[in-house]
Amino acid sequence: MIDFLFSETFLISSITCALPILFAAFAALISNRAGIVNINIEGSMSVAAVCGTLVSHFAQSWALGLLVAVVAGVAMSMLLAGSSLVLKTNSFLSGIALNTLATGLSVYILYSVLGVKGDSSAAAAVAIPKVSIPYLKDIPVLGGLLFDQSLLFWVAILAAVGLTVLLKCTRLGTKIRATGLNPEAAASVGINTRAVKATALAICGVLAGLGGAFLSMSYLHYFSAGMVAGRGFIGIAAEAMGMGSPWLTMLFAYLFGAVDYFAVGAQTVLAFPYELLNTLPYLMTIIALVIYAVVKNAREKRAKQNNKPHKEQQEADPQPPELLQTELQEKKETENEKSVAS
Amino acid sequence: MTKQDLVQRFCGYFRRNETKSMLRETAKLAVMLLISLLFAIVVILIASKEPGEAIRVFLFEPFADSYNFCRILTESLPLMFTGVAVCIMMHAGQFNMFVEGGFFLGAFVSAVLAPELASESAPFIVPFFCIVVGATAAGLVGYIPAKLKSRLGVDEFVSSLMLNYIVLWVVLYLVSNVCGDPDGVNVTKYLEDYAKLPFLSADNELSMGILFAVAAAVLGWVFLFRTKWGYALRITGRNPRFAAHCGMNTRAVVTYSQVIGASVAGFGGGVYMLGNYYRFSWRTLPNYGFDGFVIAIMVRNNPMAVPLAALFLGYLRVGSQLMAQLTDVQNEMIYIIQGLIIILFGAKFLLELTLRRKKKAEEPKEPTAPEEPKEAKEAAA
């Protein structure tokens, strides 16, 4: 058991399990920073996964598959942008809607191309290649860890660097952060918040697409219905705990990945029902959320005691849900009618 | 208290302007439903090679005979329960997804208990009791995300979603290892007829659960709009700080809204299981929780209108199932349409459009208003 936990395979496979969660978490990060709650990452990932693997199979090219997966991810994100920014549906509701849509759409695409509904194992994808560097990969632990990884591992690292740079050192990043913190203030200094949000969502879509592609073109070589299995949501949890920092987010995503792999890997080592092992990633997410909340509350309490206005307190203020506003509008409407009637 | 008082009191439950606004809501709903039907037709036109036949089956086949028609009722039953559950939680401002897990758990618990407890001498009471136990179980588990939210501020959306998966796997474990049927694979014991809810119409496989569903919708409405708890819940949902300032226990509201929602969903799961199944054989979450959100959005969180919206979705589903059987369009199309429906119904943009039109319509009315007193004077003279 302990051998298993400290084995090289555990370390490396945990990274493999962490990658989809990591991409989801990064996707959540960029959209959260722009002030949009995007819970559609799960749906984007499944649509991207099915598109990627099918294109990769039929074109016999992983690059094309990856590209199409990314495009599919962006398309799903743009649907969210359309409904939440143009139609002004609450972004949360749009997310739920698009997740529902994605559940159907992914199976629908699968069926209309292959004529089956369960999975596409009959049409195995051309997998995304590994980047193995001839001599370096023979270094005992480090070799397997760094120099024999999927291409997307490096893309993930690049994404972390890219996100950090984007958010801290570019104009767009500043605009995104400003929009996320206070959209009215950002708009008042001439930032087109709608465009900024749409851009952030597009980046979010790219990342979610990469995550989906990893699932169906590297982790497995085919798509199966429901294969995302809550990873998009676990990614959101990882992002919440990473508190907006790409590197912290990465750490938590890795942790979740490790638990994820433990649930799979321990089935061979432990005589424990696999159904209960499968609950571990989800249980771990809840526990982590609780710890995060406790720590945050304690910090806020301390800040209150010190009597300093704390930044997080302002952020913690619940924004009035948009539903409320529509309800208020309705009320006004009926009141108006009453006054007219009287 | 005289009889007249009683009648008046009863009528008080449906005040005049409320009825009026309800009528207006219904009219709006009808228009939206027509638009979503159009959506469906467009999707079919894209997806099918023989769209004419597909559309005919989709629209008219559900009404073709009494069996198909009762299928609509059966399909809409789980949606009614989850719809009411979501309405209650949305009024409190809680985006809790445990409706899904609660429904699953309620179905499982009642399916396990019913064969053990049922006897031929008590056909209705025992299944009902099992359903109540299932609802309680769902409520108890639903207490976890609720308490975490109210006590620690843990985001109920993510935690309840994760809880769904945990419930799923634990139930799958229990089914295959602890309380499954030794003669079957991954199923619970067979439900005899006396262990199930009686059928309203056995030929059409319509159980009496549909009556419970309608009752749940009415009770949900009474709870939200005619009780102290419901009032506190709505105010907290609209403005938690205001509610707290008025001395309402907002933490308790956050907790009990979610627990009640989960129990309603659990109750629905039990009713659906003991009404329409012969054993528990689900291997995945049935997705009714998310459907509940579709319903709640369609009816703007008014439980009274839930049966209507649920019947509509039930109709769409039966239509699309029949279409999948008889034509080349697949059943999954329904999810695509549902997604579009949520976006459409949730769109503030469309609401603004109707508001604008109303304002325009109201403007010319204003000059006519002063005329009324004149007429009154003349009448008096």
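Residues numbered from 1 in each chain as written. Chains lettered and ligands numbered in written order. Predicted model: local features only at pLDDT ≥ 70, side-chain atom pairs only at ≥ 80, totals over all residues. Heavy atoms only, no water.

Asks: Can you explain unusual backbone geometry? Please cite residues and give values.
Replies: If you check the backbone angles, A:A229 has positive phi at about 45° while not being a glycine. Secondary-structure assignment places A:A229 in the loop between α10 (193-219) and α11 (231-242). Positive phi outside glycine occurs at B:R300, with the angle close to 50°. For B:R300, a relative accessible area of 28% translates into the label partly exposed. (Helix = DSSP H or I, 4+ residues; strand = E, 2+ residues; numbered from the N terminus. Buried < 20%, exposed > 50% of the residue type's maximum accessible area, 1.4 Å probe, protein only.)

Asks: For helix α13 (residues 306-326) of chain B, give the residues involved together with the corresponding values.
Replies: With 21 residues, α13(B) ought to run about 30 Å at 1.5 Å a step, and its terminal C-alpha atoms sit 30 Å apart, in line with that. Most of α13(B) is tucked away, with 15 of its 21 residues classed as buried. (Expected span 1.5 Å × (residues − 1).)

Asks: So, the pattern of salt bridges: which residues are in play, and what are the values?
Replies: Once their charged atoms are close, side chains differing in charge can pair, the charge on each being opposite to the other. Residues and elements named next belong to chain B. In this structure the tally under the stated criterion is 7 salt bridges over all chains. One salt bridge in this structure joins D291 and R317, with 2.8 Å as the shortest N-O distance. Taken together, the positions of D291 in helix α12 (residues 288-298) and R317 in helix α13 put the pair 26 residues apart, joining distant regions of the chain. Residue classification places D291 among the buried residues on the basis of a relative accessible area of 2%. The exposure class assigned to R317 is buried, which follows from its relative accessible area of 8%. A single network of salt bridges, built from pairs that share partners, joins E53, R56 and E61. (Salt bridge = Lys/Arg side-chain N within 4 Å of Asp/Glu carboxyl O.)

Asks: Please give an account of the environment of B:F312 that cites residues and values.
Replies: Residues and elements named next belong to chain B. Relative to the helices and strands, F312 resides in helix α13. Residues F312 and P127, spaced 185 residues apart in sequence, show a C-alpha to C-alpha distance of 28 Å. Every residue in contact with F312, bar those within four places of it in the chain, is listed here: L33, S36, L37, M298 and I341. (Contact = heavy atoms within 4.5 Å.)

Asks: I'd like a description of the nonpolar core, backed by residues and values.
Replies: B:F280, B:M298 and B:L316 are the most contacted members of the largest nonpolar core, which totals 199 residues. Setting aside residues no more than four positions away along its own chain, B:F280 makes contact with B:F104, B:A107, B:F108, B:A111, B:V171, B:V175, B:N186, B:V187, B:T188 and B:M273. Grouped together as the second largest cluster of nonpolar side chains are 8 residues, A:F4, A:C17, A:F262 and A:L277 included. (Core = buried A, V, L, I, M, F, W, Y, C linked by side-chain atoms within 4.5 Å.)

Asks: Provide a residue-level description of the state of the cysteines, including the pertinent values.
Replies: All names here are of chain B. All chains considered together, the criterion is met by 0 disulfides over all chains. Among the cysteines around C130, which has no disulfide bond, C179 carries the closest sulfur, lying 13 Å off. Residue class for C130 comes out buried when judged on its relative accessible area of 0%. (Disulfide = S-S within 2.5 Å.)

Asks: Describe helix α8 (residues 171-181) of chain A, with residues and values.
Replies: All names here are of chain A. Among the residues of α8, G173, I176 and T179 are the ones counted as buried. For α8, the arc enclosing every buried residue in end-on projection is 130°, short of the 170-degree limit, so these residues lie on one face. Set apart from the buried face of α8 by more than 90 degrees, the exposed residues are R171 and L181. (Arc of directions from axis to C-beta.)

Asks: Explain the packing of aromatic side chains residue by residue, including any values.
Replies: Residues and elements named next belong to chain B. Tallying each qualifying case throughout the model produces 31 aromatic pairs over all chains. Between the aromatic rings of F103 and Y272, the centroid separation amounts to 6.2 Å while the plane-to-plane angle is 45°, which identifies the pairing as tilted. With a gap of 169 residues between them, F103 in helix α5 (residues 98-117) and Y272 in helix α11 (residues 250-276) connect regions that are remote in the sequence. Since its relative accessible area comes to 0%, F103 is described here as buried. With a centroid separation of 5.9 Å and 25° between ring planes, the pair formed by F124 and F128 is classed as stacked. Exposure remark for F124: the relative accessible area of 32% places this residue in the partly exposed category. Through a chain of ring-to-ring contacts, the aromatic side chains of F103, F104, F108, Y272, Y277, F280, W282 and Y288 assemble into a single cluster. It is K196 that lies over the ring of Y278; its NZ or CZ is 4.1 Å from the centre. (Phe/Tyr/Trp six-rings, centres within 6.5 Å; stacked < 30°, edge-to-face > 60°. Lys NZ or Arg CZ within 6 Å of the ring centre and 35° of its normal.)

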